[in-house]
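Examination of the molecular architecture
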Amino acid sequence: MRSTRIAISAAMLGALALPVLSATTANAAPAAVSAAPASSCSSKPPLPYAVHAKAVTIRSKPSSKSTALGVVYSSHKFSVARKSGNWLYITDKTTGVKGWVSGTYVYRDVRMCLD
């Protein structure tokens, strides 16, 4: 009884594997796909920084344990002066507060190039 199950299982696996193997060899034959021309996407300027949370704490030093100076909201206008590791030194133009924010929540969006 056990040997019958093994034989049937092997036959079923062989029957299922045969179409998959023949399809991959048939599709792999043409390698004359033309290379896409160099996209002008890399020549475009990077996207602006944005707050990707409801609010992010502005801190006095690039550390999560430093003193909180204020909060930057996603609706605020701000500029980034410099980076230190995963921290950004920003100036919140809405409130005038300057300090460090985590790069986990404030970062540039990734440009999608679909040319």
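The structure under discussion appears in the preceding block.
Below, the structure is looked at part by part.

Cut-off values and rules
Residues numbered from 1 in each chain as written. Predicted model: local features only at pLDDT ≥ 70, side-chain atom pairs only at ≥ 80, totals over all residues. Heavy atoms only, no water. Helix = DSSP H or I, 4+ residues; strand = E, 2+ residues; numbered from the N terminus. Polar contact = N/O pair within 3.5 Å; in protein donor to acceptor, adjacent residues only side chain to side chain. Core = buried A, V, L, I, M, F, W, Y, C linked by side-chain atoms within 4.5 Å. Buried < 20%, exposed > 50% of the residue type's maximum accessible area, 1.4 Å probe, protein only. Contact = heavy atoms within 4.5 Å. Pairing = 2+ DSSP bridges.

1. Some details on the environment of Thr104
The topology assignment puts Thr104 in the loop between strand E6 (98–102) and strand E7 (106–108). Expressed as a C-alpha distance, the spacing of Thr104 and His52, which sit 52 residues apart in the sequence, is 8.5 Å. One polar contact links Thr104 to Asn86, side chain to side chain, over a distance of 3.2 Å.

2. Some thoughts on the nonpolar core
Counting residues in hydrophobic clusters, the biggest one holds nine residues: Val51, Val56, Ile58, Val72, Phe78, Leu88, Ile90, Val101 and Val106. Listed by contribution, the elements that provide at least two residues to this core are strand E2 (55–59) and strand E5 (87–92). When residues no more than four places from it in sequence are discounted, the contact partners of Val106 are Tyr49, Ala50, Val51, Val56, Phe78, Leu88 and Val101.

3. Overview of the pairing of strand E4 (residues 78–84)
In this structure, E4 lies alongside E5, joined through six bridges in antiparallel fashion. Opposite Ser79, over in E5, you have Thr91 as the bridge partner. Once E4 ends, the chain turns through two residues before running back antiparallel as E5, passing Gly85 with a positive phi of about 65 degrees.

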